[in-house]
Amino acid sequence: MSSASFSSPVVPRLRVAPSPTGDPHVGTAYMALFNLAFARQQQGVFLLRVEDTDRTRFRADSEQQLYDTLSWLGLDWDEGPDRGGPFAPYRQSERLTTYQPYVEKLIAQGHAYHCWCSPERLSAMREEQQRSKSPVTGYDRLCYGMTREERATLPGFQETPVVRMLIPDEVPLTFTDLIRGTVQAPRPDDQVILKADGFPTYHLAVVVDDHEMGVTHVVRGEEWISSTPKHLLLYRWLGLTPPVFAHMPLLRNTDKSKISKRKNPAARLTWFRERGYLPEALVNFLALLAYPPAKDADGKDVEIFSLDEFSRDFDWSKVNPVGPIFDLGKLDWLNGMYVRDLSVEELTARLIPYLQADGLFGPSPSLGEVARLKSLAALIQPRLVTLADAPDQLRPFFVPDADLVVEDDARASLTAKNAPDPAGVLDAAIEALTALPDDENVDLGQVQGSWTHDRIEETLRAALVTGLGLKPKFAFGPLRVAVSGRRVSPPLFESMEVLGRGATLRRLQALRTTC
Ligand code: GLU
């Protein structure tokens, strides 16, 4: 048997490498998802590395937000700054001594050089290149080949140098991408790899860390295609084996522009949670961006699937490199599907934080409040789009009767053309419902005996449709306005059942006194 038969196959190691520069970007979750799907399928490892070398854009609270949002989405990592691992530390700012020998080696080999040009000189140089429409752009190599003393005699000198790569004329500009095949990138500039503040730039740190952390597949956004030749040069100069590269397409707005946090609230990952999207719906939505739906046995599209199902069938060749449109309408649809799939208990539990955020619930809602929410959750579940839509729909059921606000359009509907006299409708409803036996138990949100939506409906139909000869639309409109203050509300008779007999009659009477 040859020795190769004994060698164990390499376990794929993938990573997501966000920079903590503010609210996490939805693209971070997108990258995490595709990395994780493949890592899981291959029984590999998925690690989280915090790339915090840009100290000017660093935001201290951002790292925790990254953990919170990715955990919320169930995009769990095996190694990371918060959970350690064999290649710790996983925060680049804690790895400065790791990068140093690599920089020294590159300088010693002549592949990198010190540059003392001040930022002012560099921007003046760039302006001049633009003004003169110079065919040569990028750093003009003023410092290349100079000692510090030589350079110090020239203008635009700064004390602490940066280190730049010396990009050779024959730099290879093509590389193989797992998604795109052969990719052509533009010629790079003499990239800074070590900054004056002693921190490496992304380009050096990403190569060193991906190597040191045993990363086998670098799956990242397409904005890094143009950097890949620089990274491949670094791998070559340092004598390291490069990983496989896969550049995912950039997510685009409906007008095809790149999704940015400045222009689109949906670029912020925390927005989805605030807006009440279910994490499993968002993961499903992201999985469908640039990736085709699965097929069922009859060849029909299956658009709803779990992360496990996605991982099981995952295939790089199916990723479409054309920037997918980020269509929130599709997410709304998916979210609704997931909402309807929840048990009422689960939906109730998930709604509580949204009612708390809205102020409808305090920090510890009572059993009665939760029971009432559960009855209402069942009523709104068929049409609910996001969890954050719920508090407004449910407000009428959690305010004291005296505080119920009758909205202007609802009040106007009472006197609309062809509408019957609301006073007559309300009087008849009050009389009929007063006659329904009082055996409710409102406090526990439990309704027994006569005060059921069936009995309420039967009673009101008899009184208003049969008795007054009204069309149902006209008969029930004023009642809806009375109990909810709205023209649109959860189903009327069920709403009355949840409110209970006392509150229902009080609200009908309250509107009656204003008609
Ligand atoms: N820190 C980079 C970013 O946030 C990571 C790019 C990469 O995955 O290599 O975009």
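Residues numbered from 1 in each chain as written. Predicted model: local features only at pLDDT ≥ 70, side-chain atom pairs only at ≥ 80, totals over all residues. Heavy atoms only, no water.

Looking at the sheet that holds strand 4 (residues 157-165)
One open sheet holds the three strands; their spatial order is 3-4-7, and the pairing between them is antiparallel. Each edge of the open sheet is held by one strand with a lone partner, namely strand 3 (112-117) and strand 7 (192-194). Averaged over neighbouring strand pairs, the angle between their axes works out to 50° when direction is ignored. In this sheet, strand 4 lies alongside strand 3 in antiparallel orientation, the contact comprising five bridges. What sits directly across from Tyr-113, in strand 4, is Arg-164. (Pairing = 2+ DSSP bridges. Helix = DSSP H or I, 4+ residues; strand = E, 2+ residues; numbered from the N terminus. Axes fitted to C-alpha atoms, helices over the stretch in contact; angles between N-to-C directions.)

Some remarks on the site of the ligand
Around the ligand sit Arg-15, Ala-17, Pro-18, Ser-19, Glu-51, Tyr-202, Val-206, Arg-220 and Trp-224, and those are all the residues in its vicinity. One of the side-chain nitrogen or oxygen atoms of Arg-15 is found 2.7 Å away from an oxygen atom of the ligand. The contact in question runs from an oxygen atom of the ligand to an N or O atom on the side chain of Trp-224, over 3.4 Å. Bound to the protein, the ligand loses 82% of the 300 Å² it would expose on its own. Applying the majority rule of atoms within 2 Å of the grid points places the ligand in the largest pocket. Its residues placed into classes, the shell around the ligand shows five nonpolar, one polar and three charged. (Near = heavy atom within 4 Å. Polar contact = N/O pair within 3.5 Å; in protein donor to acceptor, adjacent residues only side chain to side chain. Areas by Shrake-Rupley, 256 points an atom, 1.4 Å probe, with all protein chains shown as cover. 1 Å grid on protein atoms, 1.4 Å probe; cavity = no way out; pocket = protein on both sides within 12 Å on 5 of 7 lines; lining within 4 Å. Sits in = over half its atoms within 2 Å of the grid points. Nonpolar A, V, L, I, M, F, W, Y, C, P; charged D, E, K, R; others polar.)

Digging into the layout of surface pockets
Computed from the structure, the largest pocket encloses a volume of approximately 1,100 Å³. Around the largest pocket sit 38 residues that line it, and Ser-19, His-25, Thr-28, Glu-223 and Trp-224 are the ones nearest its centre. Contributions of two or more residues to the lining of the largest pocket are made by strand 1 (13-16), helix 1 (26-41), helix 2 (62-72) and strand 8 (217-221). When residues of the lining of the largest pocket are assigned to their parent elements, the largest contribution, four residues, is made by helix 1. In terms of residue class, the lining of the largest pocket is made up of 15 nonpolar, 12 polar and 11 charged. In terms of lining residues, the second largest pocket is bounded by 16 residues, among which Ser-413, Lys-473, Phe-474, Gly-477 and Pro-478 are the most central. Those elements that place two or more of their residues in the lining of the second largest pocket are helix 15 (408-414) and helix 18 (472-484). Per-element tally for the lining of the second largest pocket: the top contributor is helix 18, with eight residues. The class makeup of the residues in the lining of the second largest pocket is nine nonpolar, two polar and five charged. (Points joined across faces, edges and corners; volume = space filled by probe spheres on them.)

So, the pattern of salt bridges
In this structure the tally under the stated criterion is 32 salt bridges. A salt bridge links Arg-55 to Asp-52; the shortest N-O distance between them is 3.6 Å. Of the charged contacts in the structure, one is a salt bridge between Asp-401 and Arg-507, with a shortest N-O distance of 2.8 Å. One end of the pair, Asp-401, is in the loop between helix 14 (390-398) and helix 15; the other, Arg-507, is in helix 20 (residues 501-514), with 106 residues separating them in the sequence. When its relative accessible area of 3% is taken as the criterion, Arg-507 is described as buried. Each member of the salt-bridge network shares a partner with another, and the members are Arg-15, Arg-49, Glu-51, Arg-95, Asp-209 and Asp-210. (Salt bridge = Lys/Arg side-chain N within 4 Å of Asp/Glu carboxyl O. Buried < 20%, exposed > 50% of the residue type's maximum accessible area, 1.4 Å probe, protein only.)

Here's the deal with the packing of aromatic side chains
Applying the stated rule across the entire model yields 23 aromatic pairs. Between Tyr-113 and Tyr-144, the aromatic rings sit 5.1 Å apart at their centres with planes inclined by 65°, giving edge-to-face as the arrangement. Placement of the pair is Tyr-113 in strand 3 and Tyr-144 in the loop between helix 4 (119-131) and helix 5 (148-152), with a sequence separation of 31 residues. Note on Tyr-113: relative accessible area 6%, which makes it buried. On the accessibility criterion, Tyr-144 (43% relative accessible area) is partly exposed. The interplanar angle of 85° and the centroid separation of 5.1 Å between the aromatic rings of Tyr-291 and Phe-310 together place this pair among those described as edge-to-face. Taken together, the residues span a long stretch of sequence, with Tyr-291 in the loop between helix 9 (279-287) and strand 10 (294-295) and Phe-310 in helix 10 (residues 307-313) at a distance of 19 residues. Just as Tyr-291 is buried, Phe-310 falls in that class too. Three or more aromatic residues joined by ring pairs form one cluster here, namely Tyr-30, Phe-34, Phe-38, Tyr-291, Phe-305, Phe-310, Phe-314 and Trp-316. The side chain of Arg-55 reaches across the aromatic face of Phe-58, ending 4.3 Å from its centre. (Phe/Tyr/Trp six-rings, centres within 6.5 Å; stacked < 30°, edge-to-face > 60°. Lys NZ or Arg CZ within 6 Å of the ring centre and 35° of its normal.)

Quick word on the pairing of strand 4
Note: strand 4 against strand 7, two bridges, orientation antiparallel. Bridge pairing in strand 7 links Val-163 to Leu-194.

Quick notes on the nonpolar core
Counting 106 residues, the largest nonpolar core has Leu-75, Phe-272, Leu-286, Phe-326, Leu-460 and Leu-479 as the members making the most contacts within it. It is helix 1 that provides the largest number of residues to this core, a total of 11 residues. Within the second largest apolar cluster, 33 residues are counted, among which are Tyr-102, Met-165, Val-215 and Leu-234. (Core = buried A, V, L, I, M, F, W, Y, C linked by side-chain atoms within 4.5 Å.)

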